[in-house]
Amino acid sequence: MVQFSRICFRKYGNFVDNLRLYVRGGGGGMGLPRLGGQGGNGGDVWVVATKNMTLKRIKDKYPQKRFVGGAGANSSVRALKGERGKDKEILAPVGITVTTDDGKILGDLNTEGDRLMVVKGGHGGSYHSTFEPSKGQSKNIRLDLKLIADLGLVGFPNAGKSSLLAAMSNATPQIANYAFTTLKPEIGKLMYKDYKQISVADLPGLIEGAHINKGMGHKFLKHVERTKQLLFVVDVCGFQLASKTQFRSAFEAVQLLTKELELYKEELVSKPALLVVNKMDLPDAEDKLAELKDQLQNPDEFSDLLPDDMIPKNYMTFRHVVPVSASTGFGVDTLKSCIRESLDEDAAMATKAIHQDRLQALRYHSHKQL
């Protein structure tokens, strides 16, 4: 059994996950016609992934949200080639996608130090432009934060996600018994005895139809995209969202969650996932758990329980199915061990893949030299 020490818990009250900025490259410098002098080019604007940076910090530090590259110097008798304008760097958090206003992706910044040029500076005036400089490019861009945790909790309202996070985090968030309990991301940090930290995010409640942006829809699904793994949470006894909606068993809940993810973005279903079967303190929970495990073994046989348009193309395969009771604490330590094991396994595989790539590159270079 993995040893645990204390666990931290934070609620992001004023969480900023999307920021719109105006960016403009610096203008070029004037050329000098009588001596054929060339003006300096304007500076470019870059977005640079930086550790411990948040979008909120950018918003607070630059209320105007304008970033402009330095202007190129004019050509002069003393310096025929004008000096280049200074580049402007926007320090942004790791794990963002940079898009244009109309949603076109300019690039992803996934690791510290990743850089992306968003606008180029203008050219300095030269013989080819009759010594007239050009302006820098300008546009509005959006920084869209997606990576917020190692693990994202995925479940319908009232599956007990907040209670589970509280049980794992020894914290007591305000939990009400209604849909959309969680309106802002809550991040629980699991701290292990060897100082390993794993962050777990409870995200705004998912409902049927989220892929078409019902409820919190895309705001929720966007965050799921860049958690490393998924933690599905279902109520062992099933759930009914409202008196007018249909009752769903635990098996149906798993498949409907899978379908919502699949309809939003198919790759989400191939993420490593664990399944938490919550509320094991309820009567008949053991029988219902056995039934769920049986259904998950042969999902095709039970697909007639679902509406035709909500049958997933690919069923989720879970690395672990862990029964817990968030209210009594049953199974919580086992769950923490499984989470750790699953993330460690992926980290080891990623390291191995990097080493193999490097080895292959070395072999390729030494083979070329022979």
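Criteria and cut-off values
- Residues numbered from 1 in each chain as written.
- Predicted model: local features only at pLDDT ≥ 70, side-chain atom pairs only at ≥ 80, totals over all residues.
- Heavy atoms only, no water.
- Pairing = 2+ DSSP bridges.
- Helix = DSSP H or I, 4+ residues; strand = E, 2+ residues; numbered from the N terminus.
- Axes fitted to C-alpha atoms, helices over the stretch in contact; angles between N-to-C directions.
- Buried < 20%, exposed > 50% of the residue type's maximum accessible area, 1.4 Å probe, protein only.
- Salt bridge = Lys/Arg side-chain N within 4 Å of Asp/Glu carboxyl O.
- Patch = residues over 30% accessible without salt bridge, like charges linked within 9 Å, V, L, I, M, F, W, Y side chains within 5 Å.
- Areas by Shrake-Rupley, 256 points an atom, 1.4 Å probe, with all protein chains shown as cover.
- Lys, Arg positive; Asp, Glu negative; His and termini not counted.
- Charge placed at Lys NZ, Arg CZ, Asp CG, Glu CD.
- Core = buried A, V, L, I, M, F, W, Y, C linked by side-chain atoms within 4.5 Å.
- Contact = heavy atoms within 4.5 Å.
- Parallel < 35°, antiparallel > 145°, perpendicular 65-115°, else oblique.
- Nonpolar A, V, L, I, M, F, W, Y, C, P; charged D, E, K, R; others polar.

- The name given to the chain in an unreviewed UniProt entry is GTP-binding protein 10, with the source organism recorded as Perca fluviatilis.

Looking at the pairing of strand S7 (residues 105-109)
Point 1. Across four bridges, strand S6 (residues 96-100) lies against S7 in antiparallel orientation. Each bridged residue has a counterpart across the sheet, and for Thr-99 the counterpart in S7 is Ile-105.
Point 2. Between S6 and S7, which pair antiparallel one after the other, the connecting turn spans four residues, and Gly-103 there sits at a positive phi close to 90°.

What to know about the sheet that holds strand S4 (residues 66-68)
Point 1. Read across the sheet, five strands follow the order S4-S2-S9-S6-S7 without closing on themselves; strand pairing throughout is mixed. Strands with a single pairing partner mark the edges of an open sheet, and in this sheet they are S4 and S7. Going across the sheet, the axis of each strand differs from the next one's by a mean of 25°, ignoring polarity.
Point 2. Sheet topology places S6 next to strand S9 (residues 138-145); five bridges connect them, and they run antiparallel. Bridged to Thr-99 within S9 is Arg-142.

Some words on unusual backbone geometry
Point 1. Positive phi values are uncommon outside glycine, yet Asn-52 reaches one of about 60°.
Point 2. By secondary structure assignment, the location of Asn-52 is in the loop between strand S3 (45-50) and helix H1 (55-61).
Point 3. You can call Asn-52 exposed: its relative accessible area is 61%.
Point 4. One non-glycine residue, Thr-130, lies in positive phi territory at about 45°.

Considering the pattern of salt bridges
Between side chains of opposite charge, a pair can form when the charged atoms approach closely.
Point 1. One pass over the full model with this rule turns up 16 salt bridges.
Point 2. A cluster of three or more residues bridged by salt bridges with shared partners is formed by Asp-194, Lys-196, Arg-340 and Asp-344.

So, a negative patch on the surface
Point 1. Negative charge collects at one region of the surface, where Asp-284, Glu-286, Asp-287, Glu-291, Asp-294, Asp-300 and Glu-301 lie side by side.
Point 2. In this fold, Glu-301 is placed in the loop between helix H5 (285-297) and strand S15 (321-323).

Considering the nonpolar core
Point 1. Judged by nonpolar contacts, the single largest core of 30 residues is most densely connected at Leu-230, Phe-232 and Leu-275.
Point 2. Only strand S13 (229-235), helix H4 (250-264), strand S14 (273-278) and H5 provide two or more residues apiece to this core.
Point 3. Among the elements that make up this core, the one with the highest residue count is H4 (seven residues).
Point 4. Discounting residues that sit within four places of it in the chain, Leu-275 has contacts with Phe-232, Val-234, Val-254, Leu-292, Leu-296, Phe-318, His-320, Val-321 and Val-322.
Point 5. If you look at the next biggest cluster of nonpolar residues, it comprises 22 residues, including Leu-151, Leu-231, Val-322 and Leu-335.

Focus on the packing of H4 against H5
Helix-helix packing: each pair is described by the crossing angle between the helix axes and the interaxial distance.
Point 1. Two elements in contact, H4 and H5, have axes separated by 9 Å at closest approach and are oriented at 40°. Classed by the angle they form, the pair H4 and H5 counts as oblique. Residues Ala-250, Phe-251, Val-254 and Gln-255 of H4 lie in contact with H5, whose contacting residues are Leu-292, Gln-295 and Leu-296.
Point 2. Per-class residue counts for the contact of H4 with H5 are five nonpolar, two polar and no charged.

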